[in-house]
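Fold and geometry: a report
Here's the letter readout for the chains.
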Amino acid sequence: METKTFEDIIESIPDLEKAVKDQKEMLLANLVMMGEIPAPTFGEEERINFLIDRFKEADLQENSIDEVGNGIGILKGDIGDENILVVAHADTVFDDKTDHTIKVLKNMVQGPGVADNSLGLSTVATLPTLLERLGIKLKNNLILMGATRSLGRGNLEGLRSFLSNYDEPIKAGIGLEGVELGRVSHTSIGMKRGEIQCRVPEEYNWSRFGNGSAILTLNEVINKINNIHMPQRPRTSIIMGSISGGSSFNTTALKATLQFEIRSESSEQVQSIHQNFEEIVSEVASKSGDSIELDIFAQREPGGIPYTHPLVRNTRKILNKLDLEPRPGPSTSELSTFIDRDIPAVTLGLTEGDHIHEVNESIKIEPMYKGIAQTIATLKAIDGGYCEEA
Amino acid sequence: MVKKLKKWIKDNTYHHSQFWDLKKMVEAKEKQGLSISLCLPTLNEEKTVGKEIILFKSELQDRYPLIDEIAVIDSGSEDNTLEVAKSFGADVYLADEILPEVESKKGKGENLWKAIYQLNGDIIVYVDADISNIHPRFVYGLVAPLIYDQQIQYVKAFYDRPLAFSGDVRPSGGGRVTEILIRPLFSLYFPELTGIIQPLSGEYAVRREVLEQIHFPIGYGVETSHLIDVYTKFGLDAFAQTDLDQRVHENKSTRALGKMSFGILQTFIKRAKALGIIEKISDFETILRQTQARDDIYEQIELEIVEEERPPMIEIEQYREKFNKVLD
């Protein structure tokens, strides 16, 4: 597949898709073996070891596990004076007690974490062998990375730490996520992620003012959050992600927790809502006498590369060639770490999926070939120098 | 006998992790000019067969060329088993269409038998198609002893099925039918075979020269008959067994186990009669041999169980006197 111009890359895409399909057993085997290894945030070690084993089997000369547990392999380019980073987060939202058995059915693969993000990580594991089998050689060094501590309280620590310590310049980045195919995220929205935890004392003093249940206290907090004014521009939202508390029908709930994200195109808006949260928490705490804690443990600054940036523009063209409708949009994924460091980057989705973050999470097999062809074509476009601003 | 059995357990019991170096194994296989066929017998296995084929094809054909062919031999599935198997690159055969001049029969043993005719390998490895935690070890763990040791002819799988833990000792059991039926029967008539930890496991690798010489019951008795036939023809040293860690599959109902036991008993009695063992019934063994694992060491526990009997009370003189009874 000789590709001298960007048009050559575009023209080679149908053949590329077919060639990827011919390697489906390898892709799916890596997905199954990777996906059956539990990898909760801060517990990704075994999955990273598997990734490194795959790198070794693909004869990558340089591969290592860094101090935060990231798995890194470098495929040397023919010239090798610049670097392209392809990253997928290694952690999933499922704990190691969940049954991680994966089913491969006629048209789909099903199991906890297959979409987010076993498929992304197994694609990183498969890329060196895939490129070799497809006869694709890059001019630039390709850094392949399984990033740890990405989700929840991990707060993208893996990629942040790598980029803080890596001395060589990185020309561009691609983040891989299992779903949704067509996604071309090129901006990051502002975000703060945290928890509000309400507690009532174990020995409740019924003579005190208050309702005596942490759930009711939390309910009061939620009602007040619901009254916060949300502007239409810049687009802003509060995600009420999860709520938990109490233990049974007939025992007063001593603890209740809300997990949330504040998201906005404007960092001022995020900050303003954060202040609202602090006020709400102290107001409800003073009225109820209960203990309420606001804990913000992850945040992102808004930013990114423009829609017209050659990386985004050419990625859209690649998707069009695959008959896919590109869906540019913001993201709170690894992308924001690239943005913080002024590295042009996109996050791509690899296939279509359902029941995300449920134990029957599933992905379709057939669209996966397009997703991986899109990734390789984008990689070739970056490598060829077609994704840089003049 | 006991010394020989202990030595066999020590020398011929492996763990799959001993064979992690697949590159070395492929080199040894190629040096001997061996070919290996994988047979997956199926009947309505669409939920698990695809995953098995993907893992074996990717890891043991494409990455390390250990297996030369992967074949599904089907008993007439009504679901998508054949379509799924084909789509992931397995050769697919209907048992009824192999050796059509021979009267067709239904059963897993039929598929295993016809595989010998249909497949080309010097070694055939059989793996059940219903394993949900399938891993390449289910194949390389079984073929490795055959590749590395010319004396070994038949390698059987066993798995960890922990029932209870007591300190660092765990009962290393087979399934319920094994512990309740097979191991007591073997303890009585074939004590050396009690060293085989899971005689009924559906995963084993065998040399063609052995397979072509033994009978194949088409139903539940196939594994039991293999062990007895290979033992009587080639002796205990022809066997090896490999620990494959855990195997996850659907548990069978007690009623299904009853059916299975009935089939196995028929096979066992046929063989016992043919070998003239039943006639010698008065001198059977009274030691029940079970196994347990202590760390990685498998050892036998011997329990003396003598089923003594009392005569009918009427034969006791004191009884007759007390109740004023007479013997007829």
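Residues numbered from 1 in each chain as written. Chains lettered and ligands numbered in written order. Predicted model: local features only at pLDDT ≥ 70, side-chain atom pairs only at ≥ 80, totals over all residues. Heavy atoms only, no water.

Looking at an unreviewed UniProt entry, chain B carries the name Glucosyl-3-phosphoglycerate synthase, with the source organism given as Halalkalibaculum roseum. Check the Cofactor (unreviewed entry) section of the UniProt entry for chain B; it says "Mg(2+)". In its Sequence similarities (unreviewed entry) section, UniProt records this for chain B: "Belongs to the glycosyltransferase 2 family." (UniProt positions renumbered as here; feature names shortened; annotations may be inferred.)

1. Here we look at the nonpolar core
In summary, soluble globular proteins display a tendency toward joint burial of nonpolar side chains. Residues Ile376 of chain A together with Phe56 of chain B are the most contacted members of the largest nonpolar core, which totals 117 residues. For Ile376 of chain A, the residues in contact, after removing those within four places along its chain, are Leu16, Val20, Leu127, Leu130, Leu131, Leu134 and Ile136 of chain A. Grouped together as the second largest cluster of nonpolar side chains are 50 residues, Ile73, Ala95, Tyr231 and Ala238 of chain B included. (Core = buried A, V, L, I, M, F, W, Y, C linked by side-chain atoms within 4.5 Å. Buried < 20%, exposed > 50% of the residue type's maximum accessible area, 1.4 Å probe, protein only. Contact = heavy atoms within 4.5 Å.)

2. Observations concerning the layout of surface pockets
Within this model, the second largest pocket holds a volume of roughly 1300 Å³. When contributions to the lining of the second largest pocket are tallied by element, the ones reaching two or more residues are helix H2 (24-35), helix H3 (45-57) and helix H4 (114-133) of chain A together with helix H2 (22-31), helix H3 (49-63) and helix H6 (137-148) of chain B. With seven residues, the single largest contributor to the lining of the second largest pocket is H3 of chain A. (1 Å grid on protein atoms, 1.4 Å probe; cavity = no way out; pocket = protein on both sides within 12 Å on 5 of 7 lines; lining within 4 Å. Points joined across faces, edges and corners; volume = space filled by probe spheres on them. Helix = DSSP H or I, 4+ residues; strand = E, 2+ residues; numbered from the N terminus.)

3. So, the packing of aromatic side chains
Residues and elements named next belong to chain B. For the structure on display, the rule yields 16 aromatic pairs over all chains. Taken together, a centroid distance of 5.5 Å and an interplanar angle of 55° make the contact between Tyr14 and Phe19 tilted. Per residue, the accessibility class of Tyr14 equals that of Phe19, and both read buried. Here Phe190 and Tyr231 contribute two aromatic rings whose centre-to-centre distance is 6.2 Å and whose plane-to-plane angle is 90°, an arrangement assigned as edge-to-face. With a gap of 41 residues between them, Phe190 in the loop between helix H7 (176-189) and strand E8 (204-207) and Tyr231 in helix H9 (residues 222-234) connect regions that are remote in the sequence. Ring pairing ties together the aromatic residues Phe186, Tyr189, Phe190, Tyr231 and Phe268, which thus form one cluster. Above the plane of the ring of Tyr148 lies Lys24, whose end atom (NZ or CZ) is 5.4 Å from the centre. (Phe/Tyr/Trp six-rings, centres within 6.5 Å; stacked < 30°, edge-to-face > 60°. Lys NZ or Arg CZ within 6 Å of the ring centre and 35° of its normal.)

4. Some words on the sheet that holds strand E17 (residues 362-364) of chain A
Hydrogen bonds along the backbone pair up the strands of a sheet, which may run parallel or antiparallel. All names here are of chain A. If you trace the four strands from one edge of the open sheet to the other, you get E4-E5-E17-E16, paired in antiparallel fashion. Of all the strands in the sheet, just strand E4 (103-104) and strand E16 (353-354) have a single pairing partner and so form its edges. Looking at chain direction, E16 and E17 are connected through two bridges and run antiparallel. Looking at E17, one finds that Asp354 is bridged to Ser362. (Pairing = 2+ DSSP bridges.)

5. Observations concerning the sheet that holds strand E5 (residues 123-126) of chain B
Residues and elements named next belong to chain B. Strands sit in the order E1-E9-E6-E8-E5-E2-E3-E4 across an open sheet of eight strands; the sheet is mixed. Looking at which strands have only one partner, the edges of the open sheet turn out to be strand E1 (13-15) and strand E4 (91-94). For this sheet the average axis-to-axis angle between neighbouring strands, irrespective of direction, equals 25°. Bridging between strand E3 (residues 69-74) and E4 involves four bridges; their strand directions are parallel. Across the sheet, residue Ile73 finds its bridge partner in E4, namely Tyr93. (Axes fitted to C-alpha atoms, helices over the stretch in contact; angles between N-to-C directions.)

6. Remarks on helix H1 (residues 6-21) of chain A
Residue and element names in this part refer to chain A. Over its 16 residues, H1 extends 23 Å from the first C-alpha to the last, a length consistent with the 22 Å expected when each residue adds 1.5 Å. At Ile13, H1 shows its maximal bend, which comes to roughly 45°, and the proline Pro14 appears one to four places after that position. Among the residues of H1, Phe6, Ile9, Ile10, Ser12, Ile13, Leu16, Ala19 and Val20 are the ones counted as buried. Looking at the buried positions of H1, the neighbouring elements they touch are H2, helix H8 (310-321) and helix H10 (366-383). (Expected span 1.5 Å × (residues − 1). Bend = angle between axes of the 7 residues up to and from the residue.)

7. Quick look at the interface of chain A and chain B
Taken together, the contact between chain A and chain B spans 18 residues of the former and 21 residues of the latter. Between chain A and chain B the total buried area reaches about 1700 Å² when both faces are included, carbon and sulfur atoms providing 57% of it. In terms of surface lost to chain B, no three residues of chain A exceed Glu25, Val104 and Lys106 of chain A, which account for 34% of the buried area on that side. Counting across the chain A and chain B interface gives five salt bridges. Ionic pairing is found between Arg54 of chain A and Glu59 of chain B, a salt bridge with its closest N-O pair at 2.8 Å. Counting across the interface, chain A meets chain B through six residue pairs in polar contact (both at pLDDT 80 or more). Where the side of chain A that touches chain B is concerned, the elements lending two or more residues are H2 and H3 of chain A. Counting residues per element, the side of chain A that touches chain B draws most heavily on H2 of chain A, which supplies eight residues. (Buried area = accessible area lost by both parts, 1.4 Å probe. Salt bridge = Lys/Arg side-chain N within 4 Å of Asp/Glu carboxyl O. Polar contact = N/O pair within 3.5 Å; in protein donor to acceptor, adjacent residues only side chain to side chain.)

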